[in-house]
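One letter stands for each residue in the lines below.
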Amino acid sequence: MSESVLASGAARVFTAIASLSALQAVGYLFLGVVVGLLGTWIYLYPYSSIVSSSRNLPGPPSEHFIAGNLLYLTRREHPRPIYQAWIDKYGPTGRLRGLMGVQRIYTADPVAISHIFQNADQWPKSKSTGIMLRRMLGNGLITAEGTDHRRQRRVLNPAFSPRAVKEMTPIFFDKARSVREKFAQLLEEPTNEARVLVNMDTLETHENGGPIDVGLLMEQATLDTIGAAGFDYDFATLFSRRSELLDAFHSAIKAMQASALVSALQNRFVLFNALPTPGQKLGKASRATMNRVGDRIVAQKTQAITRMGIEKDTDIGTADLLSRLIRANMATDLEDRERLTHREVQAQICTFIFAGSETTGVALTWALYRLATNKSMQDRLRAELVTLGEHPDIDEIHGLPFLEKFTREILRMDSPVPAVGREPASKTTLPLSRPVRGRDGKMIDAVTVDKGTEVAILIGNVNRDPAIWGPDAHEFNPDRYDSPALASVPGVYGNLLTFIGGPRNCIGWRLALAEFKIILFTLLRAYELAEVPGTELRSETTLGIMRTRSNHEGLVVPLLVRPVGE
Ligand code: HEM
């Protein structure tokens, strides 16, 4: 078509628009919007139902035009019970609608999950989560994919080895003692919110003690620990210090939450990338601060290591994860293409904070709460802990059988990450060990999954699957580990899916276990715990990690605490 024909066509359209009355123009505009919305709906719902390769999978009808079946995300509810209801009704693998009606699959099938974890290149992280996390954390280990991920993981692995974690135990003991001191301080001077609970008559039964917000303290203790163990940085949140890095980090999380829906839209419709949302502005400002502080930390560490010589292993101030990474990255036997760039090294700082604090914090909160509500279990665990001296070796701590069983049971029942998302890089087949009945009535033992279809891997549901754990799968029972598990799970620790499996398993799992056990060891030997009467707990999700909250105004999870033996 020639330019002159186009120009005359456009001129005719403009003349036609100019000749319309205002009322007619509004009418056409309205019609345009209606047609646009209808077209979008047909594209997202009936059309995608016909063309999707996984259309025969059973699953719930869509509940909401925009949120699909993911209303629980907008309400930040725990996904496990919601998925469990679908598993019970439709089977362990099913189809549902994601944001904007996008086709999505869920699975709690161990073979399908193992297949996804073992084929990490074919099954990268879901795009929407990846985009959101990368904006906040940069290209660190948790967001990198493919060869970038393999390169980073190779250089980072030694920093998380059993030996490295063992060498970090003095840091965990140091932070655990700080929490213990904080308990003593708060018993002397309770916070205003805790004082409200003291006035309740019901607390009189717990003599010589008082309520402490252990939920908040566990969040703070794990942040302080990852600051020290991760990059030798003293957040001192336990002692109310403000930190520029942490403030920026928390603002970035807020920005990501604010733009969760926009991110989903941006991922699907490129035009939305031009939207200047307030969340994006806040995110950019926080990222700039995190980059500036991160650059300074990396520069200081690099100078210290260069001064000391990279062969020197773990001197004071260089036993942390970042120092170990910088040292490994400077190794002379590494080719340049195998090294992490400066930006990638720096991105690990926020990666460690994001992946390594709240996860362990929430597990510790559940541990203390479960012990407070089960006095005999608490006494049994304490009796075992006092058999060791004040400063045991981590191997001695790992050798305590009941502590190990209790830790596993917390991580099984109260998995801090309830689900992870993956999507195939190209159309592929997912094998199922537990076939499901398709919408056409026939059994399905393998699902074809289109490129980009997100699959939710239901960690929390697999961890409580009666087919694996027996009919009491939903009960808290550490002694279940005395008999071997009924079936095996593709997880890296304890037959659990909590730290997932395959090449993208949680690199910090050994560190998390050591920190978890040392904090419990230190607190339980010194303090007894009881429940604040009338406490109800609920879980919230923030960017895929569970947080535990109570019904007590201004308090995360309060417990009654008193020194042992008083
Ligand atoms: C109880 C505590 C923890 C739990 C339940 C947990 C769970 C997980 C899970 C489920 C993943 C996989 C996420 C995905 O691929 O979508 C993961 C990855 C990761 N975790 Fe943990 N984590 C914990 C503690 C830690 C700690 C203490 C660190 C220390 C820095 C850490 C660092 C990481 C990193 C860097 C990754 C990305 C690994 C990779 O992709 O290669 N985690 N974690």
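Reading guide: rules and limits
Residues numbered from 1 in each chain as written. Predicted model: local features only at pLDDT ≥ 70, side-chain atom pairs only at ≥ 80, totals over all residues. Heavy atoms only, no water. Helix = DSSP H or I, 4+ residues; strand = E, 2+ residues; numbered from the N terminus. Buried < 20%, exposed > 50% of the residue type's maximum accessible area, 1.4 Å probe, protein only. Contact = heavy atoms within 4.5 Å. Axes fitted to C-alpha atoms, helices over the stretch in contact; angles between N-to-C directions. Parallel < 35°, antiparallel > 145°, perpendicular 65-115°, else oblique. Left-handed = near helix turned anticlockwise from the far one by under 90°. Nonpolar A, V, L, I, M, F, W, Y, C, P; charged D, E, K, R; others polar. Core = buried A, V, L, I, M, F, W, Y, C linked by side-chain atoms within 4.5 Å. Donors = N, O, S within 2.8 Å, 3.2 Å for Na, K, Ca; no water. Near = heavy atom within 4 Å. Polar contact = N/O pair within 3.5 Å; in protein donor to acceptor, adjacent residues only side chain to side chain. Pairing = 2+ DSSP bridges. Phe/Tyr/Trp six-rings, centres within 6.5 Å; stacked < 30°, edge-to-face > 60°. Lys NZ or Arg CZ within 6 Å of the ring centre and 35° of its normal. UniProt positions renumbered as here; feature names shortened; annotations may be inferred. Lys, Arg positive; Asp, Glu negative; His and termini not counted. Salt bridge = Lys/Arg side-chain N within 4 Å of Asp/Glu carboxyl O.

1. Examining the overall build of the protein chain
Reasoning step 1: Helices and strands together make up the secondary structure of the protein chain, namely 23 helices and 11 strands.
Reasoning step 2: For the protein chain, buried positions account for 53% of its 566 residues.
Reasoning step 3: Expressed as a percentage of contacts within the protein chain between residues at least 6 apart in sequence, the contacts between residues at least 24 apart total 73%.

2. Re the packing of helix 11 (residues 214-231) against helix 23 (residues 509-526)
Reasoning step 1: Look at helix 11 against helix 23: their axes get within 12 Å of each other, and the N-to-C directions meet at 125°. Relative to helix 23, helix 11 is oriented oblique. Helix-helix and strand crossings are classified by hand; for helix 11 and helix 23 the assignment is right-handed. Residues Met218, Ala221, Thr222 and Thr225 of helix 11 pack against Glu515, Ile519 and Leu523 of helix 23.
Reasoning step 2: For the contact of helix 11 with helix 23, the residue count by class is four nonpolar, two polar and one charged.

3. Describing helix 6 (residues 127-137)
Reasoning step 1: Every buried residue of helix 6 is listed here: Ser128, Gly130, Met132, Leu133, Met136 and Leu137.
Reasoning step 2: Count one or two residues on from helix 6 and you reach Gly138, which has phi positive near 75°.

4. As for the nonpolar core
Reasoning step 1: In terms of nonpolar packing, the biggest core is built from 137 residues, with Phe231 and Leu245 touching the most fellow members.
Reasoning step 2: Element by element, the count of residues in this core is highest for helix 23, at 12 residues.
Reasoning step 3: Excluding residues within four positions of it along the chain, Phe231 makes contact with Ile226, Leu245, Ile297, Lys301, Asp320, Leu322, Ile349, Phe352 and Ile353.
Reasoning step 4: Listed in part, the five residues of the second largest apolar core include Ala530, Val532, Leu555 and Leu560.

5. A short note on the coordination of the iron atom of the ligand
Reasoning step 1: A lone protein donor binds the iron atom of the ligand: Cys506 (SG), at 2.3 Å.
Reasoning step 2: Topologically, Cys506 is positioned in the loop between helix 22 (466-469) and helix 23.

6. Notes on the site of the ligand
Reasoning step 1: Close contacts around the ligand come from 28 residues, with His149, Arg153, Arg422, Arg504 and Cys506 the closest.
Reasoning step 2: Lys125 places a polar side-chain atom, nitrogen or oxygen, 3.3 Å from an oxygen atom of the ligand.
Reasoning step 3: Here Arg504 contributes a side-chain N or O atom positioned 3.0 Å from an oxygen atom of the ligand.
Reasoning step 4: At the level of secondary structure, the elements contributing two or more residues to the shell around the ligand comprise helix 7 (146-156), helix 16 (342-356), helix 17 (358-372), strand 4 (420-422) and helix 23.
Reasoning step 5: Ranked by residues supplied to the shell around the ligand, first place goes to helix 16 with four residues.
Reasoning step 6: Of the residues in the shell around the ligand, the class split is 16 nonpolar, eight polar and four charged.

7. Thoughts on the sheet that holds strand 3 (residues 210-213)
Reasoning step 1: Taken in spatial order, the three strands make up an open sheet running 3-11-8, and their pairing is antiparallel. Each edge of the sheet is formed by a strand with only one pairing partner; in this case those strands are strand 3 and strand 8 (527-531). Across this sheet, the average inter-strand angle for adjacent strands is 45°, counted without regard to direction.
Reasoning step 2: Sheet topology note: the strand 8/strand 11 (residues 558-563) ladder contains five bridges and is antiparallel. Counted as the bridge partner of Leu529 is Val561 from strand 11.
Reasoning step 3: The strands touched by helix 17 are strand 8 and strand 11; relative to strand 8, the strand with the most contacts, the crossing angle is about 80°.

8. Details of the packing of aromatic side chains
Reasoning step 1: Throughout the structure, instances matching the rule amount to 14 aromatic pairs.
Reasoning step 2: For the pair Phe160 and Phe352, a centre-to-centre distance of 6.0 Å together with 75° between the ring planes defines the contact as edge-to-face. Of this pair, Phe160 sits in the loop between helix 7 and helix 8 (162-167) while Phe352 is found in helix 16, placing the two residues 192 residues apart along the sequence. Like Phe352, Phe160 is buried.
Reasoning step 3: The rings of Tyr83, Trp86 and Tyr106 are connected pair by pair, giving a single aromatic cluster.
Reasoning step 4: The ring of Phe402 has Arg380 sitting right over it, with the charged end atom 3.8 Å from the ring centre.
Reasoning step 5: Against the face of Tyr481 rests Arg408, its NZ or CZ located 5.3 Å from the ring centre.

9. A look at the UniProt feature "binding site: heme" (unreviewed entry) in the protein chain
Reasoning step 1: UniProt's entry tags Cys506 with the feature "binding site: heme" (unreviewed entry), counted in the numbering of this structure.
Reasoning step 2: Excluding residues within four positions of it along the chain, Cys506 makes contact with Arg153, Phe499 and Ile500.

10. Some words on the side chain of Arg287
Reasoning step 1: Checked against the element boundaries, Arg287 lands in helix 14 (residues 278-308).
Reasoning step 2: One buried charge, Arg287, has no salt-bridge partner; the nearest side chain with opposite charge is Asp295, at 7.8 Å.
Reasoning step 3: Within polar-contact distance, the side chain of Arg287 engages the backbone oxygen of Met136 at 2.3 Å.
Reasoning step 4: Leave out the neighbours within four places in its chain, and Arg287 touches Arg135, Met136, Leu137, Gly138 and Gln346.

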